[in-house]
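# Coordinates in review
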Amino acid sequence: MSHEAISVFDIFKIGIGPSSSHTLGPWRAAQRFVQTLDQKNKLREVTEVRVLLYGSLAKTGKGHGTDIAVQLGLCGDDPVTFAVDQIESKINDIAAMKKIVLLGIHEVDFDPREDIDFLMTEKLPFHPNALTFLATLNNGDSVAETYYSIGGGFVIKEGEETGAVHSVDLPFPITSADNLLHWCIKTGLSISEIVLENENAWRSEKDTKEGALTIWRVMKECMYRGCHTPGILPGGLNVKRRAAELNKRLLAGKPYNNYVSWLSAINSGGNDFKYTLDWVSCFALAVNEENASFGRVVTAPTNGAAGVIPAVLQYYIAFCDGNKDEKIIQFLLTAAEIGSIFKKGATLSAAMGGCQAEIGVSSAMAAAGLTECMGGTQKQVMMASEIAMEHHLGLTCDPIGGLVQVPCIERNTMGAIKAITASQLALQSTPDFAKVSLDAVIKTMWDTALDMNHKYKETADGGLAINVPLSLPEC
Ligand code: SF4
């Protein structure tokens, strides 16, 4: 039977901040557009390229770096490998020269101020995050392609709106929490074991495990960098980075020179409640400050919410059970399955569902991963996930200045703490007595998304975005 299948590595993707839907997705769309032109032997015939941004991509695209992302994508650069410290100079060069080298092969005139159109009042019906690429060829013909960035870095092209990520046969097809529980009961396997079996459809078990550890390495490097980088975030809001100062204060001069000795230094401080709480906040702040600075991050399941899962996993490593590869893999596989069920039953896109789709889902994922690692049953894992989302229902998206900074960065600390509380509650409960199932909360989240006013769906037209007086430079 063929069905929509989402891999762990579709949920966790290495990329560049600040937004999976507004940066990573448009970047991938631009890459696909130029690659398609090249495959059709039309790339070298292009004389002009224009990009039209609709809906939420127009309204918050400047703050989220959509214009930067599409230029890098048109150049054929890859968000997984492109050196983040080269972004500014490359973008400045394109603006100064008014030229862009498509796919690194073919140079055309391109003025970002003229050729990237932020269509503030227009949107396309399928999804609020839409963008169209228009290429004019030397014989006067033109090629146009429209893409939708549907959240979490997932991109679909017009005409492929089913949204299916892969069509493969999995041993355990899962579209709901109920399906997942069915397979767990039938096989006696844990959630992470079910996921590992399914991942065999794509690659060997060894490669899946190595891939999960690579994801954790990138998350951990991002967190470590964020904990050691002070300063002011870009974008004009003058938001001060806090993780580095907090890291320094909490360690109170203890020596370390790498992640492992840093972890030992953290460990040596004990596990007093306020100390632990401060560290969880510090981990989450660090990742999202990196994200806001166009740093390398992992979508989990989005960039805006990229700090929740690393913060909770780092909490587990530092304060619960130590640094064990098998547990890290177990955490990430379990969390990814929950993210995948939310994507299938609701959305990972703030432009569709507000912040409940980002921080809410990341918190539900982290709660699940933590609960399985702490020895919870499959039902307790789902209960933890349900509790975490239940208390994010209705959470709106209203980023000030359209930047992924306020409320986004702090919101990751809240998502992480709620995930830990939800896990602990589930571990102390009997899931058979729970009144709300995970599937019921996913449906409720989706119903709430449909009812939510568009002002609170990543438009910066409502909430904090209009009530906090801040002046951004016109640019
Ligand atoms: S408010 Fe939430 S959903 Fe909106 S940009 Fe910030 S983190 Fe993402």
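Presented here is a report on the structure given in the accompanying data block. (Residues numbered from 1 in each chain as written. Predicted model: local features only at pLDDT ≥ 70, side-chain atom pairs only at ≥ 80, totals over all residues. Heavy atoms only, no water.)

## Considering the overall build of the protein chain
Rules: Helix and strand definitions here come from DSSP, where helices need a minimum of 4 consecutive H or I residues and strands a minimum of 2 consecutive E residues; each element is numbered from the N-terminal end. Computation of the radius of gyration draws on C-alpha atoms, with the globule rule given as 2.2 Å multiplied by the number of residues to the power 0.38. Each residue is placed in one exposure class: buried if its accessible area under a 1.4 Å probe, protein chains only, is under 20% of its type's maximum, exposed if it is over 50%, and partly exposed if it falls in between. The contact criterion used throughout is that any non-hydrogen atoms of two residues lie within 4.5 Å. What sets the accessible areas is the Shrake-Rupley method with a 1.4 Å probe; for residues, cover comes only from the shown protein chains. Note on charges: Lys and Arg go in the positive column, Asp and Glu in the negative column, and His and the chain ends are not counted at all. Here the site of a charge means NZ on Lys, CZ on Arg, CG on Asp, or CD on Glu.
In terms of regular secondary structure, the protein chain is built from 20 helices and eleven strands. Expected size for 475 residues packed as a compact globule is a radius of gyration near 23 Å; at 22 Å, the protein chain falls within 12% of this value. Seen along its three principal axes, the alpha-carbon backbone of the protein chain occupies a region of about 70 × 55 × 45 Å. Across the 475 residues of the protein chain, 58% fall into the buried class. In the protein chain, once contacts between residues fewer than 6 apart in sequence are set aside, the share between residues at least 24 apart is 76%. Here the protein chain displays about 18,900 Å² of accessible surface, and carbon together with sulfur accounts for 52% of that area. Across the protein chain, 41 positive and 54 negative side-chain charges occur, with their mean positions spaced 4 Å apart.

## Comments concerning the packing of helix α14 (residues 325-345) against helix α19 (residues 438-451)
We count it as follows: To obtain each axis, a line is fitted to C-alpha atoms, and for helices this fit is confined to the stretch in contact; angles are then taken between N-to-C directions over 0 to 180 degrees. Geometric relationships in this document are graded by angle, where less than 35 degrees denotes roughly parallel, more than 145 denotes roughly antiparallel, 65 to 115 denotes roughly perpendicular, and other angles denote oblique. The crossing is said to be left-handed when, going from far helix to near helix, the turn is anticlockwise and less than a right angle, and right-handed when the turn is clockwise. Residues are grouped as follows: Ala, Val, Leu, Ile, Met, Phe, Trp, Tyr, Cys and Pro are nonpolar; Asp, Glu, Lys and Arg are charged; all remaining types, including Gly, are polar.
At a minimum axis separation of 9 Å, α14 and α19 run at an interaxial angle of 50°. On the basis of the axis angle, α14 is oblique to α19. At the point where α14 passes α19, the crossing takes the right-handed sense. On α19, the residues that touch I338, I341, F342 and G345 of α14 are L438, I442, M445 and W446. Of the residues assigned to the contact of α14 with α19, the class counts are seven nonpolar, one polar and no charged.

## Topic: unusual backbone geometry
Here the residue pair G17 and P18 is connected by a cis peptide bond, since its omega of 10° sits within 30 degrees of zero. Among the structural elements, P18 can be located in the loop between β2 (13-16) and α2 (20-39). Residue P407 follows V406 across a cis peptide bond; omega there is 10°. By the secondary structure assignment, P407 is in the loop between α17 (378-390) and α18 (408-427). You will see that A252, though not glycine, has its phi angle at about 45°, which is positive. You can see A252 is positioned in the loop between α10 (243-251) and α11 (259-267).

## Thoughts on the environment of M445
Secondary-structure assignment places M445 in helix α19. As a C-alpha pair, M445 and R242 span 203 residues in sequence and 32 Å in three-dimensional space. What M445 contacts, discounting residues up to four positions off in sequence, is F342, A346, T347, Q356, A357, V361, M389 and L393.

## Some points on helix α13 (residues 308-321)
Definition in use: Multiplying 1.5 Å by the residue count of a helix minus one yields the expected span of that helix.
Over its 14 residues, α13 runs 18 Å from end to end, which matches the ideal 20 Å to within 8%, given 1.5 Å per residue. With twelve of 14 residues buried, α13 is to be regarded as a mostly interior element. Buried residues of α13: V308, I309, P310, A311, V312, L313, Q314, Y315, Y316, I317, A318 and F319, and no others. Lining the buried residues of α13 we find α9 (205-226), α11, α12 (273-292), α14, α16 (359-373) and α18. Phi turns positive, to about 85°, at G322, one or two residues after α13.

## Section: the environment of G345
Along the chain, G345 falls in helix α14. Distance in space between the C-alpha atoms of G345 and D439 is 8.1 Å, their sequence separation being 94 residues. Not counting residues up to four positions away in its chain, the partners in contact with G345 are I442 and W446.

## Some words on the packing of aromatic side chains
In plain terms, the rule: Between 30 and 60 degrees the pair is tilted, below 30 it is stacked and above 60 it is edge-to-face, where a pair is any two Phe, Tyr or Trp rings, Trp via its six-membered ring, whose centres lie within 6.5 Å.
Following the criterion strictly, the structure yields 13 aromatic pairs and no others. With a centroid separation of 5.9 Å and an interplanar angle of 55°, the aromatic rings of Y259 and W262 are classed as tilted. Residue Y259 and its partner W262 are located together in helix α11, separated by three residues, close to a single helical turn. Considering the side-chain rings of W262 and W279, the 6.1 Å spacing of their centres and the 80° angle between planes classify their relative orientation as edge-to-face. Of this pair, W262 sits in helix α11 while W279 sits in helix α12, and the two are 17 residues apart along the sequence. Each member of the pair W262 and W279 is classed as buried.

## Structural notes on the nonpolar core
Counted only if it meets this: For the purposes of this section, nonpolar cores are sets of buried Ala, Val, Leu, Ile, Met, Phe, Trp, Tyr and Cys residues that join through side-chain atoms within 4.5 Å.
Ranked by internal contacts, the top residues of the largest apolar core, which has 115 residues, are F12, W262, W279, I309, L332 and F342. Setting aside residues no more than four positions away along its own chain, F342 makes contact with T347, L348, V361, A364, S385, M389, L438, I442 and M445.

## Observations regarding the pairing of strand β8 (residues 142-151)
Selection rule: What makes two strands pair is DSSP finding at least two bridges between them.
For β8, a buried count of eight out of ten residues is recorded, marking the element as mostly surrounded by other parts of the structure. Across seven bridges, strand β7 (residues 130-137) lies against β8 in antiparallel orientation. Across the sheet, F133 pairs through a bridge with E145, a residue of β8. Hairpin connection, β7 to β8: the antiparallel pair is bridged by four residues, and G140 has positive phi, about 90°. Summarising the sheet, β8 and strand β9 (residues 154-157) pair through four bridges and their orientation is antiparallel. Among the inter-strand pairings, G151 is bridged to a residue of β9, identified as F154. In this antiparallel pair of consecutive strands, β8 and β9, the connection spans two residues, and G152 shows a positive phi of 65°.

## Things to note about the site of the ligand
Here is the rule: Whether a residue is near a molecule or strand depends on its heavy atoms: if one lies within 4 Å, it is near.
Close contacts around the ligand come from G304, A350, C355, E358, C397, C408 and R411, and that covers them all. In terms of residue class, the shell around the ligand is made up of four nonpolar, one polar and two charged.

## Remarks on the side chain of K157
Definition in use: By the criterion applied in these results, polar contacts are pairs of N or O atoms within 3.5 Å in which, for protein atoms, one can donate a hydrogen and the other can accept it, and in which residues neighboring in sequence qualify only through two side-chain atoms.
Among the structural elements, K157 can be located in strand β9. For K157, a relative accessible area of 19% translates into the label buried. At 3.3 Å, the side chain of K157 and the side chain of E145 are in polar contact. With near-sequence residues (within four places) excluded, K157 lies in contact with R32, E145, T146 and Y147.

## Describing a nonpolar patch on the surface
Quick note on the threshold: What makes a patch is a set of residues exposed beyond 30% relative accessible area and free of salt bridges, joined within 9 Å when like-charged and within 5 Å when nonpolar (Val, Leu, Ile, Met, Phe, Trp, Tyr). Salt bridge, as used here, is a side-chain nitrogen of Lys or Arg placed within 4 Å of a carboxyl oxygen of Asp or Glu.
Together, V406, L464 and V468 make up a nonpolar patch on the protein surface, roughly 170 Å² of accessible area in all. Note on V468: relative accessible area 30%, which makes it partly exposed.

Worth remembering: the numbers are spatial, not functional.
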